[in-house]
Every structure is written in structure tokens, then in C-alpha cells.
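Working through the structure, step by step
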Number of protein chains: 2
Amino acid sequence: MLTLYYAPGTCALASHLALEYSGAPYEAKRLDFKTEQQRAPEYLKINPKGRVPALATDRGVLTETPALLQYIAQSFPQAQLAPLDDAFLLAKVNEFNSYLCATVHVAHAHKGRGYRWVDEADAASQEAMKKKVPQTMAECFTLIEEKFLKGPWVLGERFSTSDLYLYTIARWLEGDGVAVKRYPKVEDHLKRMDAQPQVQKVLAAHQAG
Amino acid sequence: MLTLYYAPGTCALASHLALEYSGAPYEAKRLDFKTEQQRAPEYLKINPKGRVPALATDRGVLTETPALLQYIAQSFPQAQLAPLDDAFLLAKVNEFNSYLCATVHVAHAHKGRGYRWVDEADAASQEAMKKKVPQTMAECFTLIEEKFLKGPWVLGERFSTSDLYLYTIARWLEGDGVAVKRYPKVEDHLKRMDAQPQVQKVLAAHQAG
């Protein structure tokens, strides 16, 4: 049995969607970020990074979205969530997922989590970081729109974990001060994903109590 | 034939080492960051992100270190650079590599590339970022030392791409104001890697000309 630790509004949505699409039995445990449950001693025993997602498996805990996405795709190959039989295409999936993880998510994090990279008391620098987020996110999504998202899915006709992860992060755009309509392929992708029953089911769970 | 685009002192060292360990024929092309070759139009056609590493293959270009490392390991399985037959262990490699890429490398980048996340003219905020780098890098390496690096290699007895990537980033520690000797396992790992002939060969090429 797999147990996913998540919080609503975070990148853990991508892994939650992958589990839902995989058809595997799983349990999703919500952490309350308002009471900082992700920093509580009992959770730090599960994930010493104090972040989500974390996936508890029979063999131990896994973290980091790109790692979880490939693990779920490999563990439940019948769901066809990644091109497992083609090292080049799988690298394309991992390239896209790494870019979301290390560049796009990081750009977004400078809006609300600037304290990670400057003194916590330095409000001016954190405000300066926040101010640049619309620009950096727009630059990232220009590259995604023009170079990486083939359409309708990231790889083209083939659906993959990259679509779950892109959807997760593209949902942050408007809140980051970037109009989705600037990116027609991304906008179309968001709409296609919104219409998927697995997405609706997982989001309903995130929005419930 | 594979062609790796790299610059000395960057994270591209990890992929360069993976190619060397793989035994595959490859060419390594050096970019001159001082003249901003990574932003020249001819390179942006290869990698529109304007970064290294990039790996040109017969089927197209791949970027992002974690993706390149797995691609090289999968393409040349006889080199045994990743536990390809074990989805959980492979996820452990990808978890570690994702952490280096999205957290540790990002922490380091705030020393010299703060302009990515604040206005280029805002020297005060960039200085504030730089000042915190010894603390964030030390926190990352405390986690690596205590939780992730099993020793002697990252996975324990089994060598993997995570060792190439850890070596690449651990070499930045002293320059980031963190004494390697605070982390005995990391220090031992650096020494073991320094002694490998493949490492010496690639570093000699980086240091030449």
C-alpha cells in the first residue's frame, strides 16, 4: 500500500494525480501547512526535508516530484504514464519534469518563500524577489509554450507524467501575476486537464474539509 | 555519436563524468562563459535555455542533469551507472539527483546568479542572497551527511550517477564558505572520487586550454 503525504495547493498534486491515474490502491494523507505539520517531529521522521510530497512504500519513503512520478509510472506500467521502453523519450519526460522542478517551481517559490534564500528578517529583499516573479514565470512559460509543449500533450499525442506536473504548476500562473491566455497551448492544456475525471476527483479531495 | 556541451566549473561535470564512465564514444564541446557563448544565437538553437549541460544525440538534444544522467545510464547499461532493474532504487537515485538539482544547486546559485530572481540592478538584494549561501549549503550538506549518503557511495556499496553528481556539487562547498571537513562522509566521498582515473581524465580536460 502506498501512502502519499500532501498539502493542497502544492506540487504534491502532480504525484497525487499520478497515483490516481495509475489505478493503484493508495492512501492520501493531508498535512496542515497552517499549523506547520510538515515541520512536526513525527513528519520529519518520514521526510526530514519537511516538505511535500513524500510517498511511503513497503521499502521506504521516496521524495522529490520527478522521482515519484517515474516511480509510479514504472510500478504501474499498464497506466502508460511514461514511455518506459524508450530511453530518449523517457529522458524528454525527465528533462521537462526537471525543468519544472528546478527552474519553474523555484521561480514561483520566490514569491512566498524568499526567506529560504535571504535572512528571514530581510523583508526588503524578499519583497524584491516577489516583484520579479511575474517576469521569471512568464519567461519560463514562454519557453514551455514555444519550445517544449508540443500539444495537445507535452510529448505530442502521448500523455505522460509531464502533463500532470505541467498542469500542477500552470495552475499557479494567474496567482503569480501571469495571464494564462498569453500561452494558447498552455491554456488549451489546462482546459483538457480540467476536464479529466481523475483530475476532478483529486481536486475535489483537496478542496474538501 | 553523442556531443556534450559543457563549461568548466559547472554542473555539466556530472554528465561529462557519466559519459566517461559509460565507455561510449562521445565528444565534449566547451563553451566559454566569459564571452557568454551560452547565450550566442548558434548555441540557443541547440539549447534555448542558454545553459549547460546539453547533450546532442541522433534523435535530438537533451538537457537537465538528472535527465542526462539517467539517459546515459540507460543507453549504456553495461557500465552499471544506475539500478535500472529496480524501480525503488532507481527512484532513490532520482530523488537524490533531484534534490541536488532543485535544492542544493539552487542554493549555490544564489551566490553568483542572484540576478535571476531579483532586478539585475538590485545589488543589495543580491548581496543579501550571497550572504546566506554558507548557511543554506551547510543545511543541505548536513541532510546529505546524516540522511542520504549511506557511504561509501550514495546508495551504499553500489556506485551510481548520484556519486558523479554529488562529487560535482561537493566541489563547490569550500568556495561557498563551507568547510568540507564538517562532513566526514562527504569528505571521504570526495577523496574516493578524486582518486578515480575517469575523474582525473575529465578534470584534466576541463583544466586544459
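Residues numbered from 1 in each chain as written. Chains lettered and ligands numbered in written order. Predicted model: local features only at pLDDT ≥ 70, side-chain atom pairs only at ≥ 80, totals over all residues. Heavy atoms only, no water.

Structural notes on the overall build of chain A
From N to C terminus, chain A includes eight helices and four strands. Order of helices (α) and strands (β) in chain A, N terminus to C terminus: β-α-β-α-β-β-α-α-α-α-α-α. In summary, chain A has a C-alpha radius of gyration of 17 Å against a globular reference of 17 Å for 209 residues, a match within 12%. If one aligns the C-alpha atoms of chain A with their principal axes, the spans along those axes are about 50 × 45 × 35 Å. By the burial criterion, 58% of the 209 residues in chain A qualify as buried. A fraction of 65% describes how many contacts in chain A between residues 6 or more apart in sequence connect residues 24 or more apart. A total accessible area of about 8900 Å² is found for chain A, and carbon and sulfur atoms account for 50% of it. One way to put it: in chain A the 25 positive side-chain charges average out to a point 1 Å from where the 24 negative ones average out. (Helix = DSSP H or I, 4+ residues; strand = E, 2+ residues; numbered from the N terminus. Rg over C-alpha atoms; globule rule 2.2 N^0.38 Å. Buried < 20%, exposed > 50% of the residue type's maximum accessible area, 1.4 Å probe, protein only. Contact = heavy atoms within 4.5 Å. Areas by Shrake-Rupley, 256 points an atom, 1.4 Å probe, with all protein chains shown as cover. Lys, Arg positive; Asp, Glu negative; His and termini not counted. Charge placed at Lys NZ, Arg CZ, Asp CG, Glu CD.)

Some words on the interface of chain B and chain A
The interface is formed by 45 residues belonging to chain B together with 45 residues belonging to chain A. On the chain B side of the contact with chain A, B:R59, B:F88 and B:W117 bury the most area, a combined 16% of that side's loss. Linking chain B with chain A are two salt bridges, by the criterion used here. Two residues, A:D86 and B:R59, come together in a salt bridge whose shortest N-O distance is 2.9 Å. Across the chain B-chain A interface, the total number found is 13 residue pairs in polar contact (both at pLDDT 80 or more). Those elements that provide at least two residues to the side of chain B that touches chain A are β4 (60-63), α3 (65-75), α4 (87-112) and α5 (123-148) of chain B. Looking at which element gives the most residues to the side of chain B that touches chain A, the answer is α4(B), with 14 residues. (Buried area = accessible area lost by both parts, 1.4 Å probe. Salt bridge = Lys/Arg side-chain N within 4 Å of Asp/Glu carboxyl O. Polar contact = N/O pair within 3.5 Å; in protein donor to acceptor, adjacent residues only side chain to side chain.)

Things to note about the relation of the copies chain B and chain A
Note on the copies: chain B fits chain A at an RMSD of 0.0 Å, the axial shift is 0.0 Å, and the rotation between them is 180 degrees. Look at the turn and shift together and you get a two-fold axis relating the two. Closest approach to the rotation axis within chain B is made by the C-alpha atom of B:A102, at a distance of 2.0 Å. (Least-squares fit on C-alpha atoms with pLDDT ≥ 70 in both.)

Overview of the sheet that holds strand β1 (residues 2-6) of chain B
All names here are of chain B. Read across the open sheet, the four strands follow the order β2-β1-β3-β4; overall the sheet is mixed. With partners counted over all chains shown, the strands left at the sheet margins are β2 (26-30) and β4, one partner each. On average, each strand axis in the sheet is tilted by 20 degrees relative to the strand beside it, whichever way the strands run. Relative to β2, β1 is paired through five bridges, and the arrangement is parallel. Residue pairing across strands places Y6 opposite R30, the latter belonging to β2. Those strands touched by α3 are β1, β3 (54-57) and β4, and its axis lies near 120 degrees from that of β4. (Pairing = 2+ DSSP bridges. Axes fitted to C-alpha atoms, helices over the stretch in contact; angles between N-to-C directions.)

As for the packing of α4(B) against helix α6 (residues 161-170) of chain B
Residue and element names in this part refer to chain B. For the pair α4 and α6, interaxial distance at closest approach is 9 Å and the crossing angle is 20 degrees. Here α4 lies roughly parallel to α6, going by the angle between them. In this structure, the crossing between α4 and α6 has a hand that is left-handed. Within the contact between the two elements, α4 uses V93, F96, N97, L100, C101, V104 and H105 and α6 uses T161, S162, Y165, L166 and I169. Tallied by class, residues from the contact of α4 with α6 come to eight nonpolar, four polar and no charged. (Parallel < 35°, antiparallel > 145°, perpendicular 65-115°, else oblique. Left-handed = near helix turned anticlockwise from the far one by under 90°. Nonpolar A, V, L, I, M, F, W, Y, C, P; charged D, E, K, R; others polar.)

Observations concerning the pairing of strand β1 (residues 2-6) of chain A
Residues and elements named next belong to chain A. Burial of β1 is extensive: five of the five residues sit out of reach of the surface. On the question of chirality, the crossover connecting β1 to the parallel strand β2 (residues 26-30) by way of helix α1 (residues 12-22) is right-handed. The sheet contact formed by β1 and strand β3 (residues 54-57) spans three bridges and is antiparallel. The partner of Y5 across the bridge, within β3, is A54. (Right-handed = clockwise from strand over helix to strand, strands pointing away.)

Section: the environment of A:A107
Residue and element names in this part refer to chain A. Take A107: it is sitting in helix α4 (residues 87-112). With relative accessibility at 4%, the residue A107 sits in the buried group. Counting along the chain gives 53 residues from A107 to A54, while the straight-line C-alpha distance between them is 22 Å. Excluding its chain neighbours within four sequence positions, the residues that come into contact with A107 are V133, T136 and M137.

Overview of the packing of aromatic side chains
How two aromatic rings sit relative to each other is set out by the distance from centre to centre and by the angle between their planes. The tally for this structure, following the rule as stated, stands at twelve aromatic pairs over all chains. Ring geometry for A:F88 against B:Y71: centres 6.3 Å apart, planes inclined by 80 degrees, an arrangement best described as edge-to-face. Taken together, the residues span two chains, with A:F88 in helix α4 and B:Y71 in helix α3. By relative accessible area, which is 8% here, A:F88 ends up buried. Note on B:Y71: relative accessible area 11%, which makes it buried. (Phe/Tyr/Trp six-rings, centres within 6.5 Å; stacked < 30°, edge-to-face > 60°.)

Some thoughts on the domain arrangement of chain A
Residue and element names in this part refer to chain A. Split into domains, chain A comes out as domain 1 (2-79 + 200-207) and domain 2 (87-196). A separation of 19 Å is found between the C-alpha centroids of domain 1 and domain 2. Of the residues lining the interface, 18 residues belong to domain 1; the matching set on domain 2 comes to 19 residues. When the two sides are added together, the surface that domain 1 and domain 2 hide from each other amounts to roughly 1500 Å², 62% of it contributed by carbon and sulfur. In terms of residue class, the side of domain 1 that touches domain 2 is built from eleven nonpolar, five polar and two charged. (Domains from an automatic or database assignment.)

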